[in-house]
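These are the residues of each chain, in order.
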Amino acid sequence: MKVLLSILVLIVAIPSAYAVSLSGRPSDELVCDLSPSTSYNLSKSVLFVEAGTRDEAAIYTRIALRFITSKCRDGQVLLMHSDFGDPLDDRFFRDVSVQVCNATNVQRESTATTEAPHSFQLRCHISRIQQASAYLNNIEKSRSTEAMIAEGAPIHRQDTSDESVVKKDCKGKLSFGQVVLGMGGRCTQ
C-alpha cells in the first residue's frame, strides 16, 4: 500500500514540476506562461533592467531565454504579454520566439482594452529548447547579460540647476520686493 501511495504521489508531482508561470499564476504543464506584463515581471523576478538601458531588446531577449531554458520544456505553449504594445516588447518577443519556437507557429493576438488599446499577446509552441540553450550559452560567453546592463545603464547626472543650489536660510525675513511688489527673490540679510 505504501509503495502504491508513493507511486501515486510521484505521478501527480511530475506534471506539476513542469507547470511554469513567471508571475506565479496557477498554470499547468502545457504552458510556459510569461504573461501578464512579461517585461515588467522579467525585470522584477529574473534580472533588473533600468529603463533607458542601451540594447534593452537584446538584454530582455537574454533574460527571457534564461527563464525559458531553465524552467520550460519542448511541447509547452509559450505565452508572452505586452501591456501597452511597446516596440521593445514587440522586438524582443519576436527574438525570443525565433530561438525557442518554429516561426510558422508564432501567433500574435490583440488583448486590447480601453486602458491599453495596443496590448497584445504572443504565443507559440516551444520546440527548440536545446538550440536556445546552446545559443544563450554561446552569446553569454562573449559578453554577459550583466555586463551589457552595467555598460548600457543610463548615466545619471547631478542636477546643477539653480533649484539644486542650497538656498540661504532667511529665518522669516522678507525683502521689500517680496512684500510690496509680490516678486520672488532672495531674502534680505
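As shown above, the structure is provided for reference.
Presented here is an overview of the structure given in this document. Everything numeric here is computed off the predicted structure, so don't read it as measured data. (Residues numbered from 1 in each chain as written. Predicted model: local features only at pLDDT ≥ 70, side-chain atom pairs only at ≥ 80, totals over all residues. Heavy atoms only, no water.)

A short note on the sheet that holds strand E2 (residues 31-33)
Step number 1: One open sheet accounts for 5 strands, arranged E1-E2-E3-E5-E4; its pairing is mixed. Of all the strands in the sheet, just strand E1 (20-21) and strand E4 (107-110) have a single pairing partner and so form its edges. (Pairing = 2+ DSSP bridges. Helix = DSSP H or I, 4+ residues; strand = E, 2+ residues; numbered from the N terminus.)

Focus on the pairing of strand E3 (residues 77-82)
Step number 1: In terms of burial, E3 is a largely internal element, 6 of the 6 residues being buried.
Step number 2: Both faces of E3 are covered, namely the face carrying Val 77, Leu 79 and His 81 and the face carrying Leu 78, Met 80 and Ser 82.
Step number 3: By the bridge criterion, 3 bridges tie E2 to E3 in an arrangement that is parallel. Residue pairing across strands places Val 31 opposite Val 77, the latter belonging to E3.
Step number 4: When E3 meets strand E5 (residues 120-125), the two strands line up antiparallel, connected through 6 bridges. Note that in E5 the partner of His 81 across the bridge is Gln 121. (Buried < 20%, exposed > 50% of the residue type's maximum accessible area, 1.4 Å probe, protein only.)

Details of the packing of aromatic side chains
Step number 1: Applying the stated rule across the entire model yields 3 aromatic pairs.
Step number 2: Geometrically, the ring pair formed by Phe 92 and Phe 93 is edge-to-face, given 4.9 Å between the ring centres and 80° between the ring planes. Across the pair, exposure class does not vary: Phe 92 and Phe 93 are buried alike.
Step number 3: Taken together, the ring pairs connect Tyr 60, Phe 92, Phe 93 and Phe 120 into an aromatic cluster.
Step number 4: If you follow Arg 108 out to its NZ or CZ, it ends over the ring of Phe 120, 3.6 Å from the centre. (Phe/Tyr/Trp six-rings, centres within 6.5 Å; stacked < 30°, edge-to-face > 60°. Lys NZ or Arg CZ within 6 Å of the ring centre and 35° of its normal.)

Quick look at the packing of helix H2 (residues 38-45) against helix H4 (residues 87-100)
Step number 1: One can describe the packing of H2 onto H4 by two numbers: an axis separation of 10 Å at closest approach and a directional angle of 75°. Here H2 lies roughly perpendicular to H4, going by the angle between them. Residues Thr 38, Ser 39 and Leu 42 of H2 form the contact with H4, whose own contacting residues are Asp 89, Phe 92 and Phe 93.
Step number 2: Residue composition of the contact of H2 with H4, grouped by class: 3 nonpolar, 2 polar and 1 charged. (Axes fitted to C-alpha atoms, helices over the stretch in contact; angles between N-to-C directions. Parallel < 35°, antiparallel > 145°, perpendicular 65-115°, else oblique. Contact = heavy atoms within 4.5 Å. Nonpolar A, V, L, I, M, F, W, Y, C, P; charged D, E, K, R; others polar.)

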